[in-house]
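Observations on chain architecture
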Amino acid sequence: MAVFDLESVLSRMTLAEKASFVTGVTVQDTAGVPRLGVPALVLCDGPHGVRRLADGADPRDLYNAAPATAFPTASATACSWDPELLQEIGAALAAESRAVGVDILLGPGVNIKRSPLCGRNFEYFSEDPVLAGELASGWVRGLQRGGVGASVKHFAANNQETSRMQVSAEVDERTLREIYLPAFERVVKQARPATVMASYNRINGIWAAQHEWLLTQVLRDEWGFDGFVVSDWGAVTDSVASVRAGLDLEMPGTAGRSAAVLTEAVGAGVLDEAALDRAVARILEVTARLLSAGDTLGPPRADHALGHALARRVAAESAVLLTNGDRFLPLDPAGQGTLAVIGEFARTPRFQGGGSSHVKPTRLEAALDEIRAAVGGQREVRFAPGFRLDGAADQELLEEAATAAGAAADVVVFLGLPDSEESEGFDRASIDLPAVQLDVLHAVAAANPRVAVVLSNGGVVATRPVERHALAVLEMWLGGQAAGGAAADLLFGTAEPAGRLAETIPLALTDNPSYISFPGTVERVSYGERHYVGYRWYDKTAREVAHPFGHGLSYTTFGYSGLRVSVPDPARPEAVVTFTVSNTGQRPGAEVAQVYVTDVEASADRPERELKAFRKVRLAPGESRTVELTLTMRDFAFWDERRHGWTVEPGAFHIAVGASSRDLRLTATVEFNVPLTALPLTLESTVTEWLGRPAGRDALAAAGNEAARLLGVDGEIMTLIGGIPIKRMLTLAQPGTTDEGLEQLVERANA
Ligand code: BGC
């Protein structure tokens, strides 16, 4: 399709056309300007499959979309720690999107998992922004190279479902900069997404969809975002304020109401037409970008067989082997004795979450069928459902399962969360698995201890109650339409479990740092734990956890050696980290080497360690590979509220390389000599701060009297008065101190 001339289109559009152009038509279509050759856009969910509703379909009929590959959800794919794999998913989604006429696929979701209770955690990647940002960048690259625009969501601080359309996230700037914004920042800078989606909530009292600081200053001016900002569906409460703040497209359509409001506002001089033009131009620009990408790609083709095969591989790559006592897994498909398969989820898979991301799968594999196919008659497979998915106790089913287990050589139990326990739209009430399922597991394990458990859940569940009754636990999250096949591949070792936890599994919900404040009141939720989210909190407080961030076993073992950290110039905070990973076991496997940084001499409170880089390495038995990763300024910096910017302080940093945040195998120390811009001395600066600077001392000496006497104060008294702001100190010590005198002091100190 011919790409239109942006300037000429904009100059020929009427005011009414512009207002319609920026406010959507239906739940998935925008208006375009057919008169001037500008096509409408189709925006669909996302992010784990394409949910394209038929034209004119009732939008409330959310689950009645055209069939599409249901990939594992983000909480699973995050555990792959593999941006290239995410890129493959993005590419497959692009092909399926284009085949059904979707221009923009609404994802990825990069919100940070502040609480394990967030009902949408299955749609989000991680508790860590570096990991979330890297994976999302891979996904966006794959999607956009395939000619489809991404919509990075939900911007920002949308970390709960409770009151999501009312609540204000009360969060300080350092926490935003270090935790809740950097995943967005990384995607914007690395992958140039076509759109960013403004979230439903307010941030420090201001709606995200009309937050000028967020949508314009940070997103565009600082990060260089050059796509358009779309509202989450129904997030706009004041169309005029949103356009003014930097929102470009309001979705879904409001039957012309918002367009009328905008037209009237321009007419009345309340909204500058230039602000409207700006939004129009941005949507035009992205439309043109997508059109020319489509031209170079040729006709769209979706291959559902390939999609399914990829979904199966991704599910296996993302599965986390939490425990494997006695090396119980993998099982021998030709082993002696019956294999008991227990649990309704083996027959009725739970493979995706509820809400806008729900897709109609092209196929659906049940683990039970796949296990039977893999065994192929070599050993007997006996199934017992064990429990009902509605959570009601059923003694008969429990006893049948225990009997089946007692008569079997090996047992695999499929447990998980039912659909009713997690979805978009509400948060969970606990992290426990349903009691009826645990009861069945206990009865089964009492009858036969040779038990492996396979878990299907989107958000984290407490695993210790499972681990006490199982030799092996395989966490498969919501593994998509081919999760059943992937489970069979993993159980019998035709695939290696290659996932690592993208979020900590706590022992108890009460250990989570947001426990007291989540989800707050209808109006506000305080992010009082600040930047201590996930492992940053568990590690800082040395709290025992069920499984640390980054953890995951393999069927083989890995060794680390030869850490070298080179610093090209100590005045510049940059380092090149090199080390070797070896497969020390008997089977092929993939290790995820993780690099953590600790600021040893920080003046600000900083986490014990933070993930800054990682690499997934696939190794044959006995094979070794050298990994080189580069750390840059931001990897050593913190958001300095006093300097209002990223600061690296001079001094030592520890660099640790390992297999989880608590399994650090190699460490090194580097020293930086970074020049630090001095903060000006003010009347609020303390006595210690004044005395700590030669210029401060000189100014005090020159001021005479009580000010000069401070220079002679000895150690013990100084511990008492050192923290007093200088203004308070001088007015206390010398009641005659004038404002003029104080001003002169400050001027002299900063001259
Ligand atoms: C969700 C978004 C989704 C949109 C469109 C909203 O309710 O929060 O994630 O993309 O609906 O379906």
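Anything mentioned here points back to the structure above.
First things first, this report covers the structure right here in the doc. Keep in mind that this is a model prediction, so the values were computed, not measured. (Residues numbered from 1 in each chain as written. Predicted model: local features only at pLDDT ≥ 70, side-chain atom pairs only at ≥ 80, totals over all residues. Heavy atoms only, no water.)

Before going further, it helps to spend a moment on the environment of Glu601. Within the element layout of this structure, Glu601 appears in the loop between β20 (589-599) and β21 (610-619). Given a relative accessible area of 45%, Glu601 falls into the partly exposed group. Once the C-alpha coordinates of Glu601 and Gly651 are considered, the two residues, 50 residues apart in sequence, prove to be 6.1 Å apart. In this structure, Glu601 is in contact with Glu649, Gly651 and Ala652, ignoring residues within four places of it in sequence. A polar contact is formed between the side chain of Glu601 and the backbone nitrogen of Ala652, at a distance of 3.1 Å. (Helix = DSSP H or I, 4+ residues; strand = E, 2+ residues; numbered from the N terminus. Buried < 20%, exposed > 50% of the residue type's maximum accessible area, 1.4 Å probe, protein only. Contact = heavy atoms within 4.5 Å. Polar contact = N/O pair within 3.5 Å; in protein donor to acceptor, adjacent residues only side chain to side chain.)

Next up on the list: the side chain of Thr556. Take Thr556: it is sitting in the loop between β17 (545-547) and β18 (558-566). Looking at Thr556, its side chain comes within polar contact range of the side chain of Asn583, at 2.6 Å. Engagement of the side chain of Thr556 in a polar contact is seen with the backbone nitrogen of Gly585, the distance being 3.4 Å. The residues touching Thr556, leaving out its near neighbours within four places in the chain, are Asn583, Gly585, Gln586, Arg587, Pro588 and Gly589.

On to the pattern of salt bridges. Under the criterion given, the structure shown has 56 salt bridges. A salt bridge links Arg52 to Asp55; its shortest N-O distance comes to 3.2 Å. For Arg662, the salt bridge identified is with Asp539, shortest N-O distance 2.7 Å. In this pair, Arg662 sits in the loop between β25 (651-660) and β26 (663-672) while Asp539 sits in helix α18 (residues 535-540), placing the two residues 123 residues apart along the sequence. You can call Arg662 partly exposed: its relative accessible area is 36%. (Salt bridge = Lys/Arg side-chain N within 4 Å of Asp/Glu carboxyl O.)

What follows deals with the sheet that holds strand β19 (residues 575-583). If you trace the three strands from one edge of the open sheet to the other, you get β18-β19-β22, paired in antiparallel fashion. Each edge of the open sheet is held by one strand with a lone partner, namely β18 and β22 (624-631). Each neighbouring strand pair of the sheet contributes to a mean axis angle of 20 degrees, computed without reference to strand direction. As paired elements, β18 and β19 share seven bridges and run antiparallel to each other. Opposite Ser561, over in β19, you have Thr580 as the bridge partner. (Pairing = 2+ DSSP bridges. Axes fitted to C-alpha atoms, helices over the stretch in contact; angles between N-to-C directions.)

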